[in-house]
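Per-entry structural report
Each chain, letter by letter, is given below.
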Amino acid sequence: MSTQNSAIQHAALVTGASSGIGEATVRALSARGWKVFAVARRAERLAALAEETGAISVPADVTDDDQVAALLATVEAAGGINTLINIAGGARGADYLGEAKNEDWDFMLQANVMGTMKITRAFLPMLRAHGEGTVLNLTSTAGLVSYEGGSGYNAAKAAQRALTQALRLEEVVNNIRVIEVLPGLVQTEEFALRRLGGDSEKAAKTYAGVAKPLTAEDIADIVSYAVNAPHHVNLDEIVVRPVAQAAAHKLIRDQA
Ligand code: 8X3
């Protein structure tokens, strides 16, 4: 097995880095001394994060082939990575399937599934060449159990989970570790807002009365733990929910 780039020990590319779990992950890894390439479409937010953390900001849309190719070239020129963390994604719309909107489904399948595939495909040769590569995909408990109004997101996350499992089988011969983190209810600045078309009142209701939803920092800590574990340790599936969410359909809310 080639160890051509084995001098890189702690260098990660994090997608979805402009907010929420991606942004928190950039902070968590930077604080632990990692070299981090922070990737998202929104250049201004990335620049502020880079300024704060020392991460390298690389604005790009992970669903765009040309931008992914340019991103790969930039990262190669800057020394490469051994860890790819796919966090870009998200939900759009909460319609029942009978009212599903093509544009919502297109967004979710592109962002969660095609984006993960395209960026992983592009970076696999670099991870293989390193000799001890890691891919971490952030999916969701929404990929495990479907719920009313979730069909598009459920389908996208189940598909992203399926490709993660195939990738683990395919790349084990290249000593690439594939980790899947599946969060339940996480309260972030934008997730519910985007899902609910920017309606902040509806978005707030997602978390209303839940004593302690998970935070982006909770998930970033887990991501950081998983990628900092020795490379032979594969936390291959990590399901994480707030205590108040005993299952997808068992979420305890205060009545007050
Ligand atoms: C988001 C989790 O509970 O909205 O990935 O399906 S949930």
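The name given to the protein chain in an unreviewed UniProt entry is SDR family oxidoreductase, and the organism recorded there is Paeniglutamicibacter terrestris. In the Sequence similarities (unreviewed entry) part of its UniProt record, the protein chain is described as follows: "Belongs to the short-chain dehydrogenases/reductases (SDR) family."

So, about the packing of helix α3 (residues 65-77) against helix α4 (residues 102-130). Closest axis-to-axis distance for the α3/α4 pair is 10 Å, and the angle between their directions is 30 degrees. Between α3 and α4, the angle is such that the two are roughly parallel. For α3 against α4, the interelement crossing comes out right-handed. Residues D65, V68, L71, L72, V75 and E76 of α3 pack against K118, I119, R121, A122, F123 and M126 of α4.

Tracing the backbone through its elements, the reader meets G197 in the loop between α6 (191-195) and α7 (200-207). As a C-alpha pair, G197 and A94 span 103 residues in sequence and 9.2 Å in three-dimensional space.

In this section: the side chain of T116. By secondary structure assignment, the location of T116 is in helix α4. Take T116: its relative accessible area is 2%, and that puts it in the buried class. A polar contact of 2.7 Å, which involves the side chain of T116, links it to the backbone oxygen of N112. Side-chain polar atoms of T116 contact the side chain of Q160, separated by 3.1 Å.

Applying the stated rule across the entire model yields one aromatic pair. Taking NZ or CZ as reference, R92 lies 3.8 Å from the ring centre of F107, over its face.

We now examine the site of the ligand. The environment of the ligand is made up of S140, A142, Y147, Y153, G184, F191, R195 and Q245. Interatomic distance of 2.6 Å between a side-chain N/O atom of Y147 and an oxygen atom of the ligand. The side chain of R195 places a nitrogen or oxygen atom 3.2 Å from an oxygen atom of the ligand. Burial of the ligand by the protein amounts to 84% of the accessible area it has alone, namely 250 Å². Here the shell around the ligand is composed, by residue class, of four nonpolar, three polar and one charged.

Cut-off values and rules
- All chains use their own residue numbering, which begins from 1 and follows the written sequence.
- Local features in this predicted model are restricted to residues whose pLDDT is 70 or higher, and side-chain atom pairs enter the listing and the counts only when it is 80 or higher, whereas totals over whole chains, interfaces and linings include all residues.
- Only hydrogens and water are set aside when side-chain values are computed; all heavy atoms of the structure are taken into account.
- UniProt positions are given in the numbering used here, feature names are shortened, and annotations may be inferred rather than shown by experiment.
- Axes here refer to lines fitted to C-alpha atoms; in helices the fit is confined to the stretch in contact. Angles between the N-to-C directions go from 0 to 180 degrees.
- Think of it this way: any DSSP run of H or I at least four residues long counts as a helix, any run of E at least two long counts as a strand, and we number them from the N terminus.
- An angle counts as roughly parallel when it lies under 35 degrees, as roughly antiparallel when it exceeds 145, as roughly perpendicular when it falls between 65 and 115, and as oblique in every other case.
- Two helices crossing with the near one rotated counterclockwise from the far one by less than a right angle form a left-handed crossing, whereas a clockwise rotation gives a right-handed crossing.
- The criterion used for residue contact is that any of the two residues' heavy atoms lie within 4.5 Å.
- Think of it in three bands: residues with accessible area under 20% of the maximum for their type are buried, residues over 50% are exposed, and the middle band is partly exposed, with areas taken using a 1.4 Å probe on protein chains only.
- The term polar contact refers here to a pair of N or O atoms within 3.5 Å; inside protein, the definition further demands a hydrogen-donor-capable atom paired with an acceptor-capable atom, and it admits residues adjacent in sequence only when both atoms are side-chain atoms.
- We call Phe, Tyr and Trp rings a pair once their centres come within 6.5 Å, taking the six-membered ring for Trp, and we label the pair stacked below 30 degrees between planes, edge-to-face above 60, and tilted otherwise.
- Criterion for a charge above a ring: Lys NZ or Arg CZ within 6 Å of the ring centre, and within 35 degrees of the ring normal.
- Only heavy atoms are used to decide nearness, and a residue is near a molecule or strand if one of them lies within 4 Å of it.
- Accessible surface is estimated by sampling points in the Shrake-Rupley manner with a 1.4 Å probe; for residues, cover comes only from the protein chains shown.
- Three classes are used: nonpolar for Ala, Val, Leu, Ile, Met, Phe, Trp, Tyr, Cys and Pro, charged for Asp, Glu, Lys and Arg, and polar for all others, with Gly counted as polar.

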